[in-house]
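Close look at the chain arrangement
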Amino acid sequence: MMGKVKHKINNWKQYNQALVNLGSMTFWINDAAIKAWLCQSITVIITVNLYLSILRLKRH
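Residues numbered from 1 in each chain as written. Predicted model: local features only at pLDDT ≥ 70, side-chain atom pairs only at ≥ 80, totals over all residues. Heavy atoms only, no water.

The next thing to look at is the overall build of the protein chain. If you tally the helices and strands in the protein chain, you get two helices and zero strands. Taken against the 2.2 N^0.38 rule, which gives 10 Å for 60 residues, the C-alpha radius of gyration of the protein chain at 23 Å runs more than 25% over that of a compact globule. Overall, the C-alpha framework of the protein chain stretches about 60 × 35 × 25 Å when taken along its three principal axes. For the protein chain, the residues scored as buried account for 0% of the 60 residues in total. With the model as given, the accessible surface of the protein chain reaches about 6700 Å², and the carbon-plus-sulfur share is 65%. (Helix = DSSP H or I, 4+ residues; strand = E, 2+ residues; numbered from the N terminus. Rg over C-alpha atoms; globule rule 2.2 N^0.38 Å. Buried < 20%, exposed > 50% of the residue type's maximum accessible area, 1.4 Å probe, protein only. Areas by Shrake-Rupley, 256 points an atom, 1.4 Å probe, with all protein chains shown as cover.)

Structure (structure tokens):
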């Protein structure tokens with residue numbers, strides 16, 4: 001459950017800009033993590049395509 005609202009935001013444009021001005025985050029991801037993610041993504045794509053092909057064959 002969320003806490004009680006302390007301040008009502010009246011100027012959303014200014015509020016959003018203030019959030020942008022807070023800064024940014026940088027993520028450092030090593031090559032092994034990227035390769036593992038790409039490998040997993042390709043496996044999912046192949047699996048989904050294979051599953052859809054099997055479904056099409058079963059319908060005919």
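Using the criterion set out here, one finds one aromatic pair in the structure. A ring pair is formed by Trp12 and Tyr15, whose centres lie 5.5 Å apart and whose planes are at 85 degrees; its orientation type is edge-to-face. Here Trp12 and its partner Tyr15 are both found in helix 1 (residues 12-21), three residues apart, which amounts to about one turn of the helix. Overall, the relative accessible area of 34% leaves Tyr15 in the partly exposed class. (Phe/Tyr/Trp six-rings, centres within 6.5 Å; stacked < 30°, edge-to-face > 60°.)

In this section: a nonpolar patch on the surface. A surface patch of nonpolar side chains, amounting to about 920 Å² of accessible area, comprises Met25, Phe27, Ile29, Ile34, Trp37, Leu38, Ile42 and Ile46. Turning to its location among the elements, Ile29 is positioned in the loop between helix 1 and helix 2 (31-59). (Patch = residues over 30% accessible without salt bridge, like charges linked within 9 Å, V, L, I, M, F, W, Y side chains within 5 Å. Salt bridge = Lys/Arg side-chain N within 4 Å of Asp/Glu carboxyl O.)

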